[in-house]
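So the chains spell out like this:
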Amino acid sequence: MRSTPARSGPAADARRVRELLVRLSRRGSLRDPIGGSGHGLDLSPVQVHALLWLGMGGALTMGELARHVAVTEKTITGVVDRLERDGLVQRARSRDDRRVVRVSLAERGEAAWRALDAEISARLEGLLALLEPRDRRDLVRILARLDERLRPAEGAAPARPGTARRAGGRQHEPREDA
């Protein structure tokens, strides 16, 4: 892959970040560090992601789980069927609306989630250990800033692509030096 000429600005930076992410993704161990976890559990990457979302967020509707895992509701039904068959999750119909099905971790699923969470933490620690302490702090600071700016202000419409939100929900154009 060609290196990007030294230019500044969001477009040039986006090309360089994309180039670096593609390079990193070609290393098998970085392809999907989360979905590639849980080898001893004999789970597909989608099943791993489903367990992680349920472990972090508690019970979810089938639609919510499908959106979090980025699959269709038809696909998540099959995923949940297999996880339920293996005793990892359980379904419960809503008392208020019988059409709504909530999925939660079963006892065996809780144990699997704890094992996955520990494995992913260890993988991330190993990856971050490759960086100098200052670089790790900078990475965490930058990711926190992105999270903050991408989070819509409460009650406001989501930010348009290419804009960020200030406190109070006002949008502003991204700064080059930010």
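To keep things clear, this report deals only with the structure shown in the data block. (Residues numbered from 1 in each chain as written. Predicted model: local features only at pLDDT ≥ 70, side-chain atom pairs only at ≥ 80, totals over all residues. Heavy atoms only, no water.)

Before going further, it helps to spend a moment on the sheet that holds strand β2 (residues 89–93). An order of β1-β3-β2 is seen for the 3 strands of this open sheet, with the pairing classed as antiparallel. Only two strands of the sheet have a single neighbouring strand rather than two, namely β1 (60–61) and β2. Examined bridge by bridge, β2 and strand β3 (residues 101–105) share 5 bridges and lie antiparallel to one another. Its bridge partner being in β3, arginine 91 is matched across the sheet by valine 103. (Pairing = 2+ DSSP bridges. Helix = DSSP H or I, 4+ residues; strand = E, 2+ residues; numbered from the N terminus.)

Bringing unusual backbone geometry into the picture now. In this model, alanine 70 sits at a positive phi of 65 degrees, which is unusual for a non-glycine residue. Residue position: alanine 70 is located in the loop between α4 (62–69) and α5 (73–85). Among the residues examined, alanine 70 registers a relative accessible area of 67% and is labelled exposed. (Buried < 20%, exposed > 50% of the residue type's maximum accessible area, 1.4 Å probe, protein only.)

Taken as a whole, this structure holds 10 salt bridges when the rule is applied. Note that arginine 99 and aspartate 97 form a salt bridge whose closest N and O atoms lie 2.9 Å from each other. Taking relative accessible area as the criterion, arginine 99 reaches 72% and is therefore assigned exposed. The partner of glutamate 110 in a salt bridge is arginine 114, with the nearest N and O atoms 3.9 Å apart. Placement of both glutamate 110 and arginine 114 in helix α6 (residues 107–128) is noted, with a separation of 4 residues, approximately one turn of the helix. The exposure class assigned to arginine 114 is partly exposed, which follows from its relative accessible area of 49%. When salt bridges with common partners are traced through the structure, they connect Asp81, Glu84 and Arg91 into a single cluster. (Salt bridge = Lys/Arg side-chain N within 4 Å of Asp/Glu carboxyl O.)

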